[in-house]
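Architecture and fold: a report
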There are 2 protein chains.
Amino acid sequence: MLNKEKITSRKEKAIETKKKIYASADRLFRKHGFDKVSVDSIVEMAGVSKGAFYVHFGSKNALITALSVDFVQQLDLDYKSYLESFPADTTASDILIALVGKIADVITLTVGYDVMKVIYEVQITKTVNTEAVLGYNRDLYKIFNNIINQGVQQGEFKTELTVDTITKHLIMAIRGLTYEWCIRYPNFNLKEQALKHFGILLTGIKKQ
Amino acid sequence: MLNKEKITSRKEKAIETKKKIYASADRLFRKHGFDKVSVDSIVEMAGVSKGAFYVHFGSKNALITALSVDFVQQLDLDYKSYLESFPADTTASDILIALVGKIADVITLTVGYDVMKVIYEVQITKTVNTEAVLGYNRDLYKIFNNIINQGVQQGEFKTELTVDTITKHLIMAIRGLTYEWCIRYPNFNLKEQALKHFGILLTGIKKQ
DNA sequence: TACAGTCACCGACTACAGTCACTATATATT
DNA sequence: AATATATAGTGACTGTAGTCGGTGACTGTA
């Protein structure tokens, strides 16, 4: 029987090939944008065949998603460290508002429209498993969960809804805002609208 | 100079061609779903050339959008007549909650996942002008505006935000919920989540 | 060492959206 | 009526994502 774990020279080479494709794609996408880069150009730069591409990635979108996932995970780490800069006695609402502003900044300034658009498009076309972006154990959910939990503990938020439920609704709202930003681009100020929207949502969650 | 208004036999024939394409597409889409119908098969059924298709529709998505727009306008009319069945003294909140439930029902039961998915996908890929679906003068905005205005007049809602602003935020929330439903399909109960979400939003809008 | 099985890889091929130079003919102009 | 112009319509062609039967180097086994 073949040992599934052993890393043979053959598998090493395969991993090497995958990395080459990934790296070429990354360079080309950054240079020309997602739309203008074809699979053919990626495999040409990587020096492999088209067949090899589809051995390692189920589709062009799957590759884009893989790149996005790396990106999203990095972003979540950034949000985490951003929060560590806050004084311990900041209220949960204030933290949430600050975080939402930060997220809006990152999306509009760092990530940018082209990339966000593709991520949202891929999610809806479902050609790819986007668990890492959508999954409820994504870091962003944990971050929100912690803040909201703190708000509930300190009697700032209502207890009618579970912490988990509130978390899901708030992150859904961010996704909705970002979707709206994408479809109305460039006629929609994400940060301004996000802060206003969270003003409403937080009022609905706070104790009267 | 050519008279732009006159309906010549030539223009009649052109309209006829457009209708044939439209009708063939409608039949094929209903039968096989959007993804499995090619432009070639549409023009074959309509008995016209591919070039004719692109004379009348800028892209395949433009045709899908045209079909969607008809659909959406019909839905908005349905919502309007649904509201007329309410007693005059119903509170604005109650009307809104009922309407949101109705919309969720229509989306999940009447329109269905396949069609919603395409509408949301077309909007984000922006290959087409989706003004009729997104435009702030869409009937749905007017409907919401009336209800919210009533709520403000009767002192039920806060006056910090304008009626217009509230309308936009609520419809954005519906879009966000529907997007979430699409990307989590079939693991997301739209009606349940929409009602819960509007519970939060309305609390944030009502006078304390 | 011989050999059978596997699998990473190859690249010609298919399917399909969209383009464009051209044709045919209805309409406007003289 | 003769001619010029505008435009609906044509279909071969292009570009690109994705497919699939074939190949040979590498693997574990006897």
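The rules behind the values
- Residues numbered from 1 in each chain as written.
- Chains lettered and ligands numbered in written order.
- Predicted model: local features only at pLDDT ≥ 70, side-chain atom pairs only at ≥ 80, totals over all residues.
- Heavy atoms only, no water.
- Helix = DSSP H or I, 4+ residues; strand = E, 2+ residues; numbered from the N terminus.
- Buried < 20%, exposed > 50% of the residue type's maximum accessible area, 1.4 Å probe, protein only.
- Areas by Shrake-Rupley, 256 points an atom, 1.4 Å probe, with all protein chains shown as cover.
- Polar contact = N/O pair within 3.5 Å; in protein donor to acceptor, adjacent residues only side chain to side chain.
- Contact = heavy atoms within 4.5 Å.
- Axes fitted to C-alpha atoms, helices over the stretch in contact; angles between N-to-C directions.
- Parallel < 35°, antiparallel > 145°, perpendicular 65-115°, else oblique.
- Left-handed = near helix turned anticlockwise from the far one by under 90°.
- Nonpolar A, V, L, I, M, F, W, Y, C, P; charged D, E, K, R; others polar.
- Disulfide = S-S within 2.5 Å.
- Phe/Tyr/Trp six-rings, centres within 6.5 Å; stacked < 30°, edge-to-face > 60°.
- Lys NZ or Arg CZ within 6 Å of the ring centre and 35° of its normal.
- Buried area = accessible area lost by both parts, 1.4 Å probe.
- Salt bridge = Lys/Arg side-chain N within 4 Å of Asp/Glu carboxyl O.
- Domains from an automatic or database assignment.
- Core = buried A, V, L, I, M, F, W, Y, C linked by side-chain atoms within 4.5 Å.
- Least-squares fit on C-alpha atoms with pLDDT ≥ 70 in both.

A count of helices and strands for chain A gives ten helices and zero strands. Ordering the α and β elements of chain A from the N terminus gives α-α-α-α-α-α-α-α-α-α. Based on the C-alpha atoms only, the size of chain A along its principal axes is roughly 65 × 50 × 30 Å. Out of the 208 residues belonging to chain A, those deemed buried represent 49%. As presented, chain A carries roughly 10800 Å² of accessible surface, and 52% of it is formed by carbon and sulfur atoms.

This paragraph deals with the side chain of Q193 of chain B. Tracing the chain through its elements places Q193 of chain B in helix α10 (residues 190-205). At 3.3 Å, the side chain of Q193 of chain B and the side chain of H169 of chain A are in polar contact. Apart from the residues within four sequence positions on either side, Q193 of chain B is in contact with H169 of chain A together with L177 and F188 of chain B.

Here we take up the packing of helix α5 (residues 92-111) of chain A against helix α10 (residues 190-205) of chain A. Residues and elements named next belong to chain A. Two elements in contact, α5 and α10, have axes whose closest approach is 9 Å; the angle formed by their N-to-C orientations is 155 degrees. The angle between α5 and α10 falls in the class roughly antiparallel. Crossing of α5 over α10 shows right-handed handedness. Facing S93, L96, I97, V100, G101, A104, D105, I107 and T108 of α5, the residues of α10 in contact are L190, K191, A194, L195, F198, G199 and L202. When its residues are assigned to classes, the contact of α5 with α10 shows ten nonpolar, four polar and two charged.

Next up on the list: the state of the cysteines. Where two cysteines share a covalent bond between their sulfur atoms, that bond is called a disulfide. Throughout the structure, instances matching the rule amount to zero disulfides over all chains. C182 of chain A provides the cysteine sulfur closest to C182 of chain B, a residue in no disulfide bond, and the two sulfurs are 15 Å apart.

What follows concerns the packing of aromatic side chains. All chains considered together, the criterion is met by 19 aromatic pairs over all chains. Ring geometry for Y113 of chain A versus Y185 of chain A: centroids 4.0 Å apart, planes at 5 degrees, classification stacked. You can see Y113 of chain A sitting in helix α6 (residues 113-125) and its partner Y185 of chain A sitting in the loop between α9 (163-184) and α10, a full 72 residues away along the chain. Here Y113 of chain A falls in the buried class, since its relative accessible area comes to 15%. Judged by centre distance (4.7 Å) and plane angle (55 degrees), the ring pair of F29 of chain B and F34 of chain B falls under tilted. An aromatic cluster of at least three residues, connected via ring pairs, comprises Y120 and Y179 of chain A together with Y120 and Y179 of chain B. The cationic tip of K18 of chain B hangs over the ring face of F57 of chain B; the distance from NZ or CZ to the ring centre is 5.3 Å. Positioned above the aromatic ring of Y136 of chain B, the side-chain terminus of K168 of chain B is 4.2 Å from the ring centre.

Let's shift gears to the interface of chain B and chain A. Contact with chain B, which involves 36 residues of that partner, is made by 36 residues of chain A. Carbon and sulfur atoms supply 63% of the area buried between chain B and chain A, which totals about 3500 Å² over both sides. Taken as a group, I124, Y179 and I200 of chain B account for 20% of the area that chain B buries against chain A, more than any other trio of residues on that side. For the pair chain B and chain A, the number of links is two salt bridges. Linking E180 of chain A and R175 of chain B is a salt bridge whose minimum nitrogen-to-oxygen distance equals 3.0 Å. The interface formed by chain B and chain A holds 16 residue pairs in polar contact (both at pLDDT 80 or more) in total.

Residue and element names in this part refer to chain A. Assigned domains within chain A: domain 1 (1-57) and domain 2 (66-205). Placing the centre of domain 1 and that of domain 2 at their C-alpha centroids yields a distance of 32 Å. Every contact between the two is made by five residues of domain 1 and, on the other side, six residues of domain 2. Here domain 1 packs against domain 2, burying approximately 540 Å² in sum over the two surfaces, 72% of which is carbon and sulfur. Connecting domain 1 to domain 2 are zero salt bridges. Joining domain 1 to domain 2, the criterion identifies two residue pairs in polar contact (both at pLDDT 80 or more). Partitioned by chemical class, the residues of the side of domain 1 that touches domain 2 number four nonpolar, no polar and one charged.

Formed by 94 residues in total, the largest nonpolar core has its most connected members in F144 of chain A together with F144 of chain B. Setting aside chain neighbours within four positions, we find F144 of chain B in contact with L96, L99, I103, T167, L170, I171, I174 and F198 of chain B.

Mapping chain B onto chain A is achieved by rotating through 179 degrees and translating by 0.0 Å along the same axis, at an RMSD of 0.2 Å. The superposition operator between the copies reduces to a two-fold rotation axis. When you check the interface residues of chain B against chain A, 100% turn up at the interface there too, and the contact is symmetric in its surfaces.

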